2 protein chains.
Amino acid sequence: MKLICSKNDLLKSVNIVMKAVPSKTTMPILECILIDASADKIEFTTNDMELGIKTVVEGQILERGRIALNAKIFSDIVRKLPDSDVTLVTDSNDQAVITCEKARFAIPGKSGEDFVFLPFVERDESIELSQFTLKELIRQTIFSIAITESNKLMTGELFEIKDGMLRVVSLDGHRISIRRTELKESCADRKAVVPGKTLSEVSKILSGETEDMVRLFFTENLILFELDETIVVSRLIEGEYFRIDQMLSSDYETKVTINKQELLNCIDRATLMVKESDKKPIIINITDGMLELKIRSDIGSMNEEIDIEKEGRDIMIGFNPRFFMDALRVIDEETIDIYLVNPKAPCFIRDEEQSYVYLILPVNFTV
Amino acid sequence: MKLICSKNDLLKSVNIVMKAVPSKTTMPILECILIDASADKIEFTTNDMELGIKTVVEGQILERGRIALNAKIFSDIVRKLPDSDVTLVTDSNDQAVITCEKARFAIPGKSGEDFVFLPFVERDESIELSQFTLKELIRQTIFSIAITESNKLMTGELFEIKDGMLRVVSLDGHRISIRRTELKESCADRKAVVPGKTLSEVSKILSGETEDMVRLFFTENLILFELDETIVVSRLIEGEYFRIDQMLSSDYETKVTINKQELLNCIDRATLMVKESDKKPIIINITDGMLELKIRSDIGSMNEEIDIEKEGRDIMIGFNPRFFMDALRVIDEETIDIYLVNPKAPCFIRDEEQSYVYLILPVNFTV
């Protein structure tokens, strides 16, 4: 095989496929990037068996072939090459020689035949979103997936297509995050639970531009993201996702309208009085026109008042401050509405169209 | 005590004095910032017993007093306050109340009387430098102090004043870094070994501007840096520093003139073939007009050639690549001269005026 690519094109493609190189694996071949120029395109593929990425690399094929090169070493070399044309030559012993200007690297490779190819996805039904929208949907929900694997479904996010809307849901037992967006094309109703890791890696590849599009294909067990010159294939998490609709009541006793940034800054300051180890709640006391936040610990005490608009009853309620901050950080609106029922019932942050809903369970507290 | 300061003035001063708060100490009072407004100035002081910092804070004293507040908690609070005026009030029980807009923090303090004051330094003889120059002198030498404490003197830098020049020297047994600068005022000859930690903390406080000045005062055991509204006092390291002049020969057999950035990039690339664990040298082969760099390891092999100007004999010599890169990174000149004698003798990188000299010991190698 003999290829010529610019350093920058190589680097761009390497950075994309690195997202699916496993950090630990019992199969050494998966620590490699498969460089495949056996047809008329140069393609890089990586696969950690959950997640696989394939991307087309700009460049010239002078001699067709295929090789697997250690991903870390190859990416380090590419990164440090001068900003110039790079030649990659392999021989029949799977030795690779990388030259760029006067620098010449020789590294051992592995036969491309041993690589584990990506599962085949029939590209049947699909939905299309802007890369911006998908990146935002992920950012605005990913924080509330569960970290531990005790319930596998909680480590993923529900992608639910229904009535021309895409709804993305994550939950960890203490809170639920929901974002909705309208789809431009019609598509059959469908539910899929996508691993959180897949979403966070895909999110890093997405450009974040509203003009760039990404297409999502679903099969029974797989999801495929097709964007620009890249496809990402991931296994789905099997099982029936939680029935969240019955948790989403729209009744409330108290509605608070508040400046989001003021509330966020105030809770952020209050957390200074909480040691990492003790899970002290913040206590919010809502009266007419006023939200008072209070916290007292071994470190000291803090209180602060924020002007609000209030409808309904006064209420005093306790929360894990982190859960509140996580939600507030991803809401773009300047002013938000918070809906409360009683100190034992979940609180909701949502907009009128329910394009976003954040449910947070309260915490018991002693005054 | 009652003070009013802007959040930004407080933050600026807190950031300065935080540099001398010990991370571990058996004396809890040293984890505090002493806030002293017992006279007409507000002063913050911290002291880790090696290094002490005092800075004057802009603000209004409404009621005189003095208190010691936990440095981490106080700095965290200040950092997260709104950008507005901050009021600090203390009572006779050393309770402090910090208010800013509608936020109110109450934290326990300690009596200021228990704080360990900075040692007194008689401000007698001194030298003056721009903050830029001192910051550069430190940056260009600090990397070659020894990390381990096995030889205390190696963990500091020699500040030597002689014939109206300041010479700063660091060494770790494998290399020596020397920078020289001319002093504007005359000053008695003097030698002092300043702890590396002091220099790296001072360096963070220095503005890096050529118009801002810093004055250095020396006593038998102490050095005092006076800059703007801040003084830094540090103990010196006791003992006789190494006699380096006898190691600095100006004889050479080979002189190489080379583009610094090309050499740095080339060595940087070569290190990709070195595992952290094995201390493989890079081998440099110098012939007429050409420097060839070679490395071979389990990972693979790399070689690269750089055009040079050469005087004298051909030579092949091995080096620890990190030592070479450390020196090259802090040299600002585009083109450098390297002087070599033989594969066992130290190599020198220096300019004609010897405003900088970097000595690096070679490493044995097998071809």
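Residues numbered from 1 in each chain as written. Chains lettered and ligands numbered in written order. Predicted model: local features only at pLDDT ≥ 70, side-chain atom pairs only at ≥ 80, totals over all residues. Heavy atoms only, no water.

Looking at an unreviewed UniProt entry, chain A carries the name Beta sliding clamp, with the source organism given as Candidatus Limivivens intestinipullorum. In the Sequence similarities (unreviewed entry) part of its UniProt record, chain A is described as follows: "Belongs to the beta sliding clamp family." Under the UniProt heading Subcellular location (unreviewed entry), the note attached to chain A is "Cytoplasm". (UniProt positions renumbered as here; feature names shortened; annotations may be inferred.)

1. Comments concerning the packing of aromatic side chains
Overall, the coordinates contain twelve aromatic pairs over all chains when judged by the stated rule. Relative to F324 of chain A, the ring of F319 of chain A has its centre 4.8 Å away and its plane inclined at 65 degrees; by these criteria the two rings are edge-to-face. Neither residue differs from the other here; F319 of chain A and F324 of chain A are each classed as buried. Look at Y356 of chain A and Y358 of chain A: their rings are 6.0 Å apart centre to centre, the planes differ by 40 degrees, and that puts the pair in the tilted class. For the pair shown, Y356 of chain A and Y358 of chain A are each scored as buried. Geometry around Y339 of chain B places R350 of chain B over its ring, the cationic atom sitting 4.2 Å from the centre. (Phe/Tyr/Trp six-rings, centres within 6.5 Å; stacked < 30°, edge-to-face > 60°. Buried < 20%, exposed > 50% of the residue type's maximum accessible area, 1.4 Å probe, protein only. Lys NZ or Arg CZ within 6 Å of the ring centre and 35° of its normal.)

2. Structural notes on the sheet that holds strand 6 (residues 65–70) of chain A
Residues and elements named next belong to chain A. Pairing is antiparallel in the open sheet, where nine strands are placed in the order 10-6-2-3-4-18-17-16-11. Each edge of the open sheet carries a strand with a single partner, namely strand 10 (110–111) and strand 11 (126–130). Bridge count for strand 2 (residues 32–37) against strand 6 is six bridges, and the pairing is antiparallel. Residue C32 lies in a different strand from strand 6, and its bridge partner there is N70. (Pairing = 2+ DSSP bridges. Helix = DSSP H or I, 4+ residues; strand = E, 2+ residues; numbered from the N terminus.)

3. Points about the pairing of strand 25 (residues 335–340) of chain B
Residues and elements named next belong to chain B. Here strand 25 lies mainly inside the structure; five of its six residues are buried. Of the strand pairs in this sheet, strand 19 (residues 254–259) and strand 25 are connected by six bridges, and their pairing is antiparallel. Its bridge partner being in strand 25, N259 is matched across the sheet by T335. In this sheet, strand 26 (residues 347–350) lies alongside strand 25 in antiparallel orientation, the contact comprising two bridges. Note on strand 26: the bridge partner recorded for Y339 is F348. Between the end of strand 25 and the start of strand 26, which pair antiparallel, lie six residues.

4. Remarks on the pairing of strand 12 (residues 156–162) of chain B
All names here are of chain B. Judged by how many residues are buried, strand 12 sits mostly within the fold: six of seven residues are covered. Inspection of the sheet shows strand 12 paired to strand 15 (residues 190–195) by six bridges, in the antiparallel sense. Bridging from a neighbouring strand, I161 pairs with R190 of strand 15. The loop that links strand 12 with its antiparallel partner strand 13 (residues 165–171) comprises two residues; one of these, D163, has a positive phi angle of about 50 degrees.

5. Details of the pattern of salt bridges
Scanning the model with the defined rule gives 55 salt bridges over all chains in all. The salt bridge partner of K102 of chain A is D307 of chain B, with a shortest N-O separation of 3.2 Å. One end of the pair, K102 of chain A, is in the loop between strand 8 (95–100) and strand 9 (103–108); the other, D307 of chain B, is in strand 22 (residues 301–307), on a second chain. The partner of D48 of chain B in a salt bridge is K197 of chain B, and the shortest N-O contact between them spans 3.6 Å. Of the two residues, D48 of chain B is situated in the loop between strand 3 (42–47) and strand 4 (51–57) and K197 of chain B in helix 4 (residues 196–205); the sequence distance between them amounts to 149 residues. For D48 of chain B, a relative accessible area of 18% translates into the label buried. The class for K197 of chain B is partly exposed, based on a relative accessible area of 46%. In the salt-bridge network here, residues are joined through shared partners; they are D48, K197, E201 and K204 of chain A. (Salt bridge = Lys/Arg side-chain N within 4 Å of Asp/Glu carboxyl O.)

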